[in-house]
Amino acid sequence: MNVFVLDLVLVLGLSLVLTVCVARSPYQAVLQHSRIRGRQQGPNVCAMQQIKGSDKKYFTNCKQWYHRKICSKPTVITYECCPGYERIPGEKGCPAALPLVNIYNTLSVVGASTTQMYSDRAKLRDEIEGPGSFTFFAPSNEAWAALPTEILDALVSNVNIELLNALHYHMVNRRLTSEELRHGSSFASMYQDFHVHIHHYSNGVVTVNCARLIKPDQHATNGIVHVVDRVITAISNNVQTLIDVDEDLETLRTAIAAAGLTAMLEEEGQYTIFAPTNEAFEKIPKETLNRILGDPVALRDLLNYHILNQMQCAESIVSGTPMETLQGTVLEVGCDGDQMTLNGNAIVTKKDQLGTNGVIHYINELLIPDSAKTLLELADGSSVATATRLFVEAGLRAHLTGSEALTMLAPLNDAFKGSVAMTPEMRKLMTNHLLKEQLSSKSLYHGQELETLGGAKLRVLVYRNNLCIENACIAAHDKTGRYASMFTVDKVLTPPMGTIMDVLKGDDRFSILVGAVQTAGMTELLNQQGALTFFAPTNDAFTALSRTELNRLMGNPQELAGVLRFHLGEGMLVSGGVGSHTRVHPLEGKKLELGVRNYTIYVNKVPVAEADLMATNGVVHGINSIIKPLCESPASGAHPVHLCSSDDLFQKVIRSRSSRTMSQGQ
């Protein structure tokens, strides 16, 4: 019974600990990490990371600790007393708790002596020295110094009203610890009940009206002080009103109205708007801008791509983070020193213009999502510049800029060898790189047939490691435009032009093989419908045999058929579908084992000289050696370690064929 009670107590105790850990706020979690990192320096020491060349310091989380970077800038580690503690001369760490004094006196010991001075001038001292329970978001000394001179002069010149009002706006008439400063919450300030807006981010950053709390939880006898990195101002307008009154956002205001988004930006919410200035719109080619402004669907996508359904103050960003937009795709929101970045570009010109339902960051470049682009715009500036040029030179520009439902198969620049000139054949080939419908690669399935603008029929081939259309395999994520999509592929497409037999007859390198196929009575097999992979021996492969071997092979149609059928695999395997230890079942014999080494495909250790000669009933891969079966090691019994001899080649194939025939006869 006692054991049971003890176990129960342990379980309940563990549950309580876990509950406390789970309930801990992000800031408290980061503070705890800083305490752990600083404990070797003594009790109550916190490790801080300071950005080199600046005064900005952060309690360190695990990621920042190991990367030693914040906002792409290197940091140095400093060790300071954790909130609420101080050093004692001659003793290690910070063993002493700060003496608990009133808010006024606390200001002087937490780096907010300027706020203390202005509290004196504004006759606020008696209030924050006297009885009560207040929360004071106190601007640091540096925050006051950073305030524009004209604003500071206006406040100080009217200390009894303006300065007092400004300080009261930094105060809440109740005690609020960092635990109670929950994300998205707001509290009535002591200035006409105007609210201050709190955001408590998952990386441990806490902001009030987008000012970062740099020294939270400084306790006092009559409340609590949180030191912040800027002077905050009262907000009463929503983000739409802020846009309405700013001449720099006139074009944006017109676009929002045309897209029907005005009402949304007037409602309650937690929006982040990356607001393109008039200058940003002027940088876009007029033809492109007019097309988007005249298309309600594209315009709405464009604007929604600039809006997050979460409020991200600039101070909350310490590293690049993908964030979902209202348009449905993501923006990489990051920072580089003091610069806020979007998709890696420092295009934010003004930060943290706060409204009651969100925050606005001004940008000087328009962000156009793929969903608002034409095919030509999707391809612009990407790794398919050569293909784009060829599409235009082939007279296909109208298809690339219009409203047809198409899918472009755009080969990478590296897929084109040497200089590429426009010829009638190339023009036809580029037409066959445009499919007659808008597709998603996720909807493609094995054996699917796709029709091109050029009238060719292309097959979809699904492999474990790749998704291919004929010989060209998809090399990047789809780009889905307003009407059309772009698949980036790794090779120039080779549409099938005939059967396997037609491919062999059309290539002088296979003249001996064509005769061998006819001698073996396999012409019909290579002409009929189906899906075969032919590792086709070139003339060089046959002439590499000794005269005796060649004469013997060509003089025995049955043996010849067995050898050729050993080179024919069941199913259709293009080079893009070959991975390590890919196996193909031949029509005769046990197996063909394929692999890739240094970008060369090997079949039973024979290199493929030319891959992916596409046929309507399969694919041909040219090889310069006759393939031999893989013989099994007597020791392992199953793992092939060497190739059979030439005699083994013919005899093993014949024996395999004979045994198969007998088995079928039984």
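On a predicted model such as this, the values are computed, not experimentally measured, just so you know.

Engineer: Explanation requested: the pairing of strand E21 (residues 407-411) in the structure shown.
Structural biologist: Every other side chain in a regular strand lies on the same face of the sheet, so the side chains alternate between the two faces. The buried fraction of E21 amounts to 5 of the 5 residues, a majority that puts the element mostly inside the structure. In this sheet, strand E28 (residues 485-489) lies alongside E21 in parallel orientation, the contact comprising 5 bridges. Bridge assignment links Pro411 to a residue of E28, and that residue is Val489.

Engineer: Got a minute to help me understand the UniProt feature "domain: EMI" (unreviewed entry) in the protein chain in this structure?
Structural biologist: Feature annotation in UniProt assigns "domain: EMI" (unreviewed entry) to the following positions: residues 42-96. Taken as a whole, residues 42-96 contains 11% helix and 44% strand, while its terminal C-alpha atoms sit 12 Å from one another.

Engineer: What is the right way to read the sheet that holds E21 from this model?
Structural biologist: Here we have 4 strands laid out as an open sheet, ordered E22-E21-E28-E27, and mixed in their pairing. The open sheet has two edge strands, strand E22 (434-435) and strand E27 (479-480), and neither has a second partner. Note that E21 and E22 share 2 bridges and pair antiparallel. Pairing of Thr407 across the sheet is with Leu435, part of E22.

Engineer: Explain the pattern of salt bridges to me, please; I cannot follow it from the model alone.
Structural biologist: For side chains of opposite charge, pairing can occur when their charged atoms come near one another. Under the definition given, this model contains 22 salt bridges. Here Glu315 ties to Lys56 by a salt bridge, and the two come within 3.3 Å at their closest N and O atoms. In this pair, Glu315 sits in the loop between strand E15 (307-308) and strand E16 (321-324) while Lys56 sits in the loop between strand E1 (45-51) and strand E2 (57-59), placing the two residues 259 residues apart along the sequence. The salt bridge partner of Arg230 is Glu315, with a shortest N-O separation of 3.9 Å. Of this pair, Arg230 sits in the loop between strand E13 (223-228) and helix H10 (239-244) while Glu315 sits in the loop between E15 and E16; the two residues are 85 residues apart in sequence, bridging distant segments of the chain. For Arg230, a relative accessible area of 25% puts it in the partly exposed group. Because the salt bridges share partners, they merge into one network encompassing Lys56, Arg212, Asp229, Arg230, Glu315 and Asp352.

Engineer: What exactly am I supposed to notice about empty space enclosed by the protein here?
Structural biologist: Sizing a probe to match a water molecule and rolling it over the atoms shows the empty space that remains. Evaluation of the coordinates by the stated rule reveals 3 cavities of 30 Å³ or more. Put simply, the largest cavity is a space of about 130 Å³. Along the wall of the largest cavity there are 15 residues; nearest its centre are Tyr58, Phe59, Gly204, Val205 and Arg212. When residues of the lining of the largest cavity are traced back to their parent elements, those giving at least two are helix H2 (26-38), E2 and strand E12 (211-220). Take the lining of the largest cavity: its biggest share by element is 4 residues, from E12. Here the residues of the lining of the largest cavity sort into 10 nonpolar, 3 polar and 2 charged. Split by domain, the residues of the lining of the largest cavity number at least three in each of domain 1 (26-96) and domain 2 (100-228).

Parameters at a glance
- Residues numbered from 1 in each chain as written.
- Predicted model: local features only at pLDDT ≥ 70, side-chain atom pairs only at ≥ 80, totals over all residues.
- Heavy atoms only, no water.
- Buried < 20%, exposed > 50% of the residue type's maximum accessible area, 1.4 Å probe, protein only.
- Helix = DSSP H or I, 4+ residues; strand = E, 2+ residues; numbered from the N terminus.
- Pairing = 2+ DSSP bridges.
- UniProt positions renumbered as here; feature names shortened; annotations may be inferred.
- Salt bridge = Lys/Arg side-chain N within 4 Å of Asp/Glu carboxyl O.
- 1 Å grid on protein atoms, 1.4 Å probe; cavity = no way out; pocket = protein on both sides within 12 Å on 5 of 7 lines; lining within 4 Å.
- Points joined across faces, edges and corners; volume = space filled by probe spheres on them.
- Nonpolar A, V, L, I, M, F, W, Y, C, P; charged D, E, K, R; others polar.
- Domains from an automatic or database assignment.

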